[in-house]
Amino acid sequence: MNSLTDAFVGALQLILNADATLLSIIGLSLQVSVSAVALASVLGLVLGSLIAVSRFPGRSLVIAILNATMGLPPVVIGLLVYMLLSRAGPLGSYGLLFTPTAMVIAQVILISPIIAALSRQTIEDAWRDYREQLASLGVRGVSAARTLLWDSRFSLVTITLAGLGRACAEVGAVMIVGGNIDGVTRVMTTAIALETTKGDLPLAMSLGIVLVLIVLAINILAQSLKSFAERRYG
Amino acid sequence: MVESPKMIANLLPVTVRDVSVIANQKTILRDINLEIACGTRTVILGANGAGKSTLLRVLHGLVKPSSGVATSVRGAPLGDVQLRAHDAMLFQRPVMLRTSAFNNVLYATQHLSPTKRNGDGEPQAVWEALRAVGLEGIADRPARVLSGGEQQRIAFARALVRRPEVLYLDEPTASLDPRSARQIEDCIQCAASSGVTIVMSTHHLALAKRVAESIIFLHEGRITEATPAQVFFLQPQSTEGREFLYGEAI
């Protein structure tokens, strides 16, 4: 019990004193996760939109695969990216392994299917509602897609925030491809794992508190945005 | 009222010849023949599942016939994108974009062909359309938070602002209270009096009596009666028409 209390007090001190190591890890975490979500959003929204509004043979199978990829184990993705980026891999010559870029790549692969699958469902529901009306107004193709994306914007932002929450909390893939190098690729989740094994519980707990607060803030933001949109725009 | 559509006819009369529609191996419409002439008011009646909505969609070019032809006065098939600017459709359940009532109407002007666009005059046309449906006072309010009746009138304004030659209405008062239904009817009568051709499906017989010049009665996808409205309501010629009108088997 004492060790838990000590760890908690130590964690609060690190947070209140804006400890440089702590801030550096938080900064890198956000940098990696936000970059990954930005890229994954572009890929996921485009892919989700295309699948939502197009009809082609094997579409149901594609949707089933897309939905299944939401549950891909992060460590498997980490292993895959590791093999691609390692010196013997096809992309080894770029020297990206154990860099923040490698972590971003792994997180993009992890998050894109989530954003694509959820946005596909959202846009397809909207398309079902809007299709006849848009066709009646002569709105087609890119214009129709733009209308759907804009009118679904609040749901899509919520989906993107869900992706950000997933990215911030992820540990397996970034540990494998980032290597948890101090000051280079050490992010909150990997640092928590390392510091716990090292016995530096105050630092691990302070990172844990910040991580939980970030994830909580993202969820509150998503919920608030949805409530605001429903009140303001119906 | 929005500018009268009395212009060079690009669409009317619409001609439908031997049209059948089959969906999911079920025949929805079979061997439909009809003509919609300029300036007429036609009401399509029939029981649920008779094919009224599908017929309207064929006329509006949203549903392609499985066989037969549906063409405009110049011979273009009704699904032709060039014709889209010349007609408009009001659906039973209006779809409102997540923006203001004004922007919902403005949106309809932004996808017209260049020849029908009004450039700087578009906002003015939107105001006129909103005034025509009596909603200029709530133009800034989000469309989705309006009542069902108000949303249907916004949808009506969205149709009017395109200055259509013909207006298709698919059970436009089906889910509205009597007051809202009356307001929609006023809009329909106003559009008709300004020269817009009206083609409407409805289950509301009193509305049909007041609006229709002619009746098309559908039964299981076939036209069993196409007569002047007075004749239909006085003495329907088909057994199905009588059953429908009097609500009982004859």
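Keep in mind that this is a model prediction, so the values were computed, not measured. (Residues numbered from 1 in each chain as written. Chains lettered and ligands numbered in written order. Predicted model: local features only at pLDDT ≥ 70, side-chain atom pairs only at ≥ 80, totals over all residues.)

Draft legend 1. Layout of the overall build of chain B. Along chain B, the regular secondary structure elements total eight helices and nine strands. On the principal axes, the C-alpha backbone points of chain B span a range of 55 × 40 × 35 Å. Classification of the 250 residues of chain B by burial places 48% in the buried group. Partitioning the intrachain contacts of chain B with sequence separation of at least 6 by distance along the chain shows that 67% fall at a separation of at least 24. (Helix = DSSP H or I, 4+ residues; strand = E, 2+ residues; numbered from the N terminus. Buried ≥ 20, exposed ≤ 12 C-beta atoms within 10 Å, placed from the backbone. Contact = placed C-beta atoms within 7 Å.)

Draft legend 2. Layout of the overall build of chain A. Of the regular secondary structure elements, chain A holds 10 helices and zero strands. Along its sequence from the N terminus, chain A presents helices and strands in the succession α-α-α-α-α-α-α-α-α-α. Oriented by its inertia axes, the alpha-carbon framework of chain A measures out at about 70 × 50 × 25 Å. A buried classification covers 41% of the 234 residues belonging to chain A. In chain A, of all internal contacts separated by at least 6 residues, the share reaching a separation of at least 24 is 78%.

Draft legend 3. Region of interest: the interface of chain A and chain B. Taken together, the contact between chain A and chain B spans 14 residues of the former and 16 residues of the latter. If you list the elements that add at least two residues to the side of chain A that touches chain B, you get helix 5 (100-136), helix 6 (141-151) and helix 10 (201-233) of chain A. No other element matches the six residues that helix 5 of chain A contributes to the side of chain A that touches chain B. Taken together, the residues of the side of chain A that touches chain B sort by class into five nonpolar, five polar and four charged. (Nonpolar A, V, L, I, M, F, W, Y, C, P; charged D, E, K, R; others polar.)

Draft legend 4. Looking closely at the sheet that holds strand 7 (residues 197-201) of chain B. Residue and element names in this part refer to chain B. With respect to topology, six strands assemble into an open sheet ordered 5-6-7-3-8-9, the strand pairing being mixed. Each edge of the open sheet carries a strand with a single partner, namely strand 5 (87-90) and strand 9 (222-228). Recorded for the sheet is a direction-independent mean angle of 15 degrees between the axes of neighbouring strands. (Pairing = 2+ DSSP bridges. Axes fitted to C-alpha atoms, helices over the stretch in contact; angles between N-to-C directions.)

Draft legend 5. Here's a closer look at the environment of L176(B). Among the structural elements, L176(B) can be located in the loop between strand 6 (166-170) and helix 5 (178-193). As for L176(B) and G149(B), which are separated by 27 residues in sequence, their C-alpha atoms are 5.9 Å apart.

Draft legend 6. Region of interest: the sheet that holds strand 1 (residues 14-23) of chain B. Residues and elements named next belong to chain B. Spatial strand order, 2-1-4: three strands in an open sheet with antiparallel pairing. Each edge of the open sheet carries a strand with a single partner, namely strand 2 (26-36) and strand 4 (67-71). Across the sheet, the axes of successive neighbouring strands diverge by a mean angle of 25 degrees, strand direction being ignored. Relative to strand 4, strand 1 runs antiparallel, the two sharing four bridges. The residue bridging R17 from the neighbouring strand is V69, located in strand 4. Set on the sheet, helix 1 (residues 52-60) makes contact with strand 1, strand 2 and strand 4; between it and strand 2 the angle comes to about 55 degrees.

Draft legend 7. View of helix 8 (residues 239-246) of chain B. Residue and element names in this part refer to chain B. All buried positions along helix 8 are accounted for by E240, G241 and F244. End-on view of helix 8: buried residues confined to an arc of 100 degrees, all on one side of the axis. When the buried face of helix 8 is taken as reference, the exposed residues oriented beyond 90 degrees from it are T239 and Y246. The inward-facing, buried residues of helix 8 contact strand 3 (41-46), strand 8 (214-219), strand 9 and helix 7 (229-234). (Arc of directions from axis to C-beta.)

Draft legend 8. Focus on the packing of helix 2 (residues 101-109) of chain B against helix 3 (residues 122-132) of chain B. Residue and element names in this part refer to chain B. Relative to each other, helix 2 and helix 3 sit at 120 degrees, their axes nearing to 9 Å. The angle between the axes of helix 2 and helix 3 places the two elements in the oblique class. In the packing of helix 2 onto helix 3, the handedness of the crossing is right-handed. Between helix 2 and helix 3, the contacting residues are F102, V105, L106 and T109 on the first element and E122, P123, A125, V126, A129 and L130 on the second. Looking at the contact of helix 2 with helix 3, its residues break down into eight nonpolar, one polar and one charged. (Parallel < 35°, antiparallel > 145°, perpendicular 65-115°, else oblique. Left-handed = near helix turned anticlockwise from the far one by under 90°.)

Draft legend 9. Quick peek at unusual backbone geometry. Residue and element names in this part refer to chain B. A positive phi angle, close to 55 degrees, is found at D18, a residue other than glycine. Its place among the elements puts D18 in strand 1. Assessed through the 13 C-beta atoms surrounding it within 10 Å, D18 is described here as partly exposed. In this structure, D31 takes a positive phi of about 50 degrees despite not being glycine.

Draft legend 10. Highlighting the packing of helix 5 of chain A against helix 6 of chain A. All names here are of chain A. Running from N to C, helix 5 and helix 6 cross one another at 130 degrees; their axes reach a closest spacing of 10 Å. By the criterion of interaxial angle, the relationship of helix 5 to helix 6 is oblique. In terms of crossing hand, the pair formed by helix 5 and helix 6 is right-handed. Here I123, A126, W127, Y130 and L134 of helix 5 lie close against helix 6, whose contacting residues are A144, T147, L148 and D151. Looking at the contact of helix 5 with helix 6 residue by residue, the class counts come to seven nonpolar, one polar and one charged.

Draft legend 11. View of the pairing of strand 2 of chain B. Residue and element names in this part refer to chain B. Sheet analysis places strand 1 next to strand 2, joined by seven bridges and oriented antiparallel. By the bridge assignment for strand 2, T15 is matched with E35. What sits between the antiparallel neighbours strand 1 and strand 2 is a turn of two residues, in which N24 has the positive phi angle 50 degrees.

Draft legend 12. Layout of the pairing of strand 9 of chain B. Residues and elements named next belong to chain B. Pairing of strand 8 with strand 9 involves six bridges; the strand directions are antiparallel. Directly across from F217, in strand 9, lies its bridge partner E225. Adjacent in sequence and paired antiparallel, strand 8 and strand 9 are bridged by two residues, among which E220 carries a positive phi angle near 45 degrees.

Draft legend 13. View of the confidence of the model for chain B. Residues and elements named next belong to chain B. Chain-level pLDDT for chain B is 89 on average; 91% of the residues reach the 70-or-more range. Contacts of residues 1-7 to residues separated by more than four positions or lying in other chains number 19 contacts, the stretch itself having pLDDT below 50. Per the prediction output, this complex has pTM 0.80; the corresponding ipTM is 0.88. (pLDDT = per-residue confidence, 0-100.)

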